[in-house]
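Structural characterization, general
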There are 2 protein chains.
Amino acid sequence: MVDHHSRIKRSMIQVFGDAYHAFGLNRLMGHVVAALMFSPEPLSLDDICKQLGKSKGPISQITRRLADHNLIRRVWTPGSRKDYYEVHPDIFSNAFRYNFRLIRNNTKIAAQIRSDVETTRDEKLKTTQFRMVEMERFYQLMEKHYQNFIDEWSVERDRLYSQVTK
Amino acid sequence: MVDHHSRIKRSMIQVFGDAYHAFGLNRLMGHVVAALMFSPEPLSLDDICKQLGKSKGPISQITRRLADHNLIRRVWTPGSRKDYYEVHPDIFSNAFRYNFRLIRNNTKIAAQIRSDVETTRDEKLKTTQFRMVEMERFYQLMEKHYQNFIDEWSVERDRLYSQVTK
DNA sequence: ATGATTGTTTGGAAATTTTCAAACGAAACA
DNA sequence: TGTTTCGTTTGAAAATTTCCAAACAATCAT
C-alpha cells in the first residue's frame, strides 16, 4: 500500500513552495506553511527542520517572518520547552492583507507623483500627469473591491466554521 | 531653477523600482516602466539604456518580458530602424491580470489537494481536507471580486478617457 | 551554580539572480 | 556584395539571496 501521508505531504510542500515563489516570496516560506497545513498538530522547530531537511538557522528566521505576517502563530504547549507552531486561523486573509498594503502603497505613489507634477505647472508633463491620474483611480477602485472581498469573506468564513462546529 | 523633469523622472524610476521589487519582480522592470511612463513619446532601446545607465543586454531581455506581459508594447515608427516602446494603454489592468492568473492557480492547487485527500478516505487527513476546503472557497470568492473589479474598471476607464477626448 | 535543551544570531559558503561586454545575427542601405 | 546599424544571445563577473554550522543566549531542571 502506498503511503498517502508522505505522498500528499511531499506534493503540498512542492506546490506551496512553487506558489510562494511565483508571488516573489521565499520558497522555504511555502514549504513551512505546507508542512504546518498538513499537520493536524502543531510542529516544533525541530519537527519542521526534520520534515524539510533544513537546518535550524533558516527555519528560525522564516518562522519569525511568517509569524510577523500572521501566517502562522506560536502556540503554547504545556509540559514542553519547545516552541510549537501552527497555521494562523486567518492565514489566507492575513496573506491577502499583506498584498492589500502594497496596493495602498501604489495608490499613494500615484497620488504623490501626480501632486508633484501638478505643482510644476509644466505643460510638457501633461502626459505623465494623466497617467498618474489613471493609476490613482485604478488602485483606488482596486482598494474598494479588495475591501468588499475581505468583508464578504469574513461572512463566508463564519458560515463555513459554523457548519463544522454544529 | 530646479530641473523639474529630471527630478521627477529620477523619483519615479526610484519609486517604481521599489514597488516592483516589493511585488517580487525585478527592480529593472519598474525602472523601465517608469521611464516609459514619464516620457510622452516612445523610447528606443538606446534611449532607455542611456536614461537608466544600463547596457543593452538586460534592457533587451526586460523589454521582452514586459512586452510578453503586455505592460509595454513595441510601436512602429516611420523612417527609423530602431524599435520604440511605450507603456501599454492597459498596463494597469494587464498587470492585474497577471496576478489574477496566480490567484486562479491557488484555487486549482487547493482543489487538487482536496481531491487527492478525499480519495484516500483517511480520517487522519480530515484537518488537511478542511483547510483545503477553506482555501478553495477563499480563492474562489477572491476570483469573483477580482472579476467585479476588472469589469467595473473597464467602465470607469472608458469614462476617464471620454473626459479627456471631449 | 551547573548542565542540558532550545531558539537566535552570525560569518561565510553555496546557489541564484542580475548585469555587462562581446560575439552574433538580421535587416537596411549603399 | 559589403557595410552599417540595430537587437539578441551568451559566457562570465558581480551582486544578492539563501543556507548552514557553529557560537551564543536564554531558560529550565537538577
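Source: prediction; values computed, not measured.

Reading the values: the criteria
Residues numbered from 1 in each chain as written. Chains lettered and ligands numbered in written order. Predicted model: local features only at pLDDT ≥ 70, side-chain atom pairs only at ≥ 80, totals over all residues. Heavy atoms only, no water. Core = buried A, V, L, I, M, F, W, Y, C linked by side-chain atoms within 4.5 Å. Buried < 20%, exposed > 50% of the residue type's maximum accessible area, 1.4 Å probe, protein only. Contact = heavy atoms within 4.5 Å. Least-squares fit on C-alpha atoms with pLDDT ≥ 70 in both. pLDDT = per-residue confidence, 0-100. Helix = DSSP H or I, 4+ residues; strand = E, 2+ residues; numbered from the N terminus. Buried area = accessible area lost by both parts, 1.4 Å probe. Salt bridge = Lys/Arg side-chain N within 4 Å of Asp/Glu carboxyl O. Polar contact = N/O pair within 3.5 Å; in protein donor to acceptor, adjacent residues only side chain to side chain. Near = heavy atom within 4 Å. Nonpolar A, V, L, I, M, F, W, Y, C, P; charged D, E, K, R; others polar. Pairing = 2+ DSSP bridges.

1. Regarding the nonpolar core
The biggest cluster of nonpolar side chains holds 92 residues, and the ones touching the most others in it are A:Phe16 and B:Phe16. With near-sequence residues (within four places) excluded, A:Phe16 lies in contact with A:Gly30, A:Val33, A:Ala34, A:Met37, B:Ile109, B:Ile113, B:Met132 and B:Met135.

2. Things to note about the relation of the copies chain B and chain A
Overlay of chain B on chain A (RMSD 0.0 Å): rotation 180°, translation along the axis 0.0 Å. Both chain copies can therefore be described as sitting about a two-fold axis. Minimal C-alpha distance to the rotation axis in chain B is attained by B:Gly24, lying at 1.9 Å. Taken as a fraction of all interface residues of chain B, those also at the interface in chain A reach 100%, which identifies the copy contact as same-surface.

3. A few points about the confidence of the model for chain A
Note: predicted coordinates in regions of low pLDDT should not be interpreted at a detailed level. Considering every residue of chain A, the mean pLDDT works out to 94; 98% of them sit at 70 or more. Between the elements of chain A, mean pLDDT differs from a low of 94, seen in helix H1 (residues 4–22) of chain A, to a high of 97, seen in helix H2 (residues 27–38) of chain A.

4. Considerations on the interface of chain B and chain A
A common way to state how big an interface is: give the accessible area lost once the parts meet. Listed as interface residues are 59 residues of chain B and, on the opposing side, 59 residues of chain A. Roughly 5600 Å² is buried in total at the junction of chain B and chain A, and carbon and sulfur atoms are behind 71% of that figure. Contact with chain A buries area across many residues of chain B, yet B:Phe92, B:Arg131 and B:Phe138 alone supply 12% of it, more than any other trio. Where chain B touches chain A, the interface holds eight salt bridges.

5. Examining the side chain of A:Thr107
Residue and element names in this part refer to chain A. Mapped onto the secondary structure, Thr107 falls in helix H5 (residues 91–120). Here the side chain of Thr107 touches Glu143 through a polar contact of 2.6 Å, side chain to side chain. Setting aside residues up to four positions removed in sequence, Thr107 forms contacts with Glu136, Tyr139, Gln140 and Glu143.

6. Some words on the protein's contact with DNA strand C
Inspection of the region around DNA strand C gives 18 residues, with A:Lys56, A:Ser60, A:Arg64, A:Arg81 and A:Asp83 positioned closest. Counting only atoms of DNA strand C within 4 Å of the protein, the sugar-phosphate share comes to 68%. One nitrogen or oxygen atom from the side chain of A:Arg64 is found 2.6 Å from a phosphate oxygen belonging to DNA strand C. Here a phosphate oxygen of DNA strand C sits 3.1 Å away from a polar atom, N or O, in the main chain of B:Ser55. Residue assignment for the surface near DNA strand C shows that the elements contributing at least two residues are helix H4 (56–68) of chain A together with helix H4 (56–68) of chain B. The dominant element in the surface near DNA strand C, judged by the number of residues it contributes, is H4(A), at five residues. Grouping the amino acids of the surface near DNA strand C by side-chain chemistry returns three nonpolar, seven polar and eight charged.

7. Describing the pattern of salt bridges
One pass over the full model with this rule turns up 24 salt bridges over all chains. Taking the shortest distance from any N to any O, the salt bridge between A:Asp116 and B:Arg7 comes out at 3.8 Å. A residue pair is termed interchain when its members come from two chains, as with A:Asp116 in helix H5 and B:Arg7 in helix H1 (residues 4–22). You can call B:Arg7 partly exposed: its relative accessible area is 37%. Between B:Lys144 and A:Glu152 there is a salt bridge whose closest N-O contact spans 2.8 Å.

8. Let's talk about the protein's contact with DNA strand D
Around DNA strand D lies a shell of 19 residues, among which A:Pro58, B:Lys56, B:Ser60, B:Arg64 and B:Arg81 are the nearest. Within the contact set of DNA strand D, a base nitrogen lies 2.8 Å away from a side-chain nitrogen or oxygen of B:Lys56. At a separation of 2.5 Å, a phosphate oxygen of DNA strand D approaches a polar side-chain atom of B:Ser60. Of all the elements in the fold, those that place two or more residues in the surface near DNA strand D are H4 of chain A together with H4 of chain B. Broken down by element, the surface near DNA strand D gets its largest block of residues, five residues, from H4(B).

9. Some remarks on the sheet that holds strand S1 (residues 43–44) of chain B
Residue and element names in this part refer to chain B. On the basis of which strands lie adjacent, the open sheet formed by three strands has the order S1-S3-S2 and antiparallel pairing. The open sheet is flanked by S1 and strand S2 (72–75), the only strands paired with a single partner. In the sheet, S2 pairs with strand S3 (residues 84–87) via four bridges, with the strands oriented antiparallel. Among the inter-strand pairings, Arg74 is bridged to a residue of S3, identified as Tyr85.

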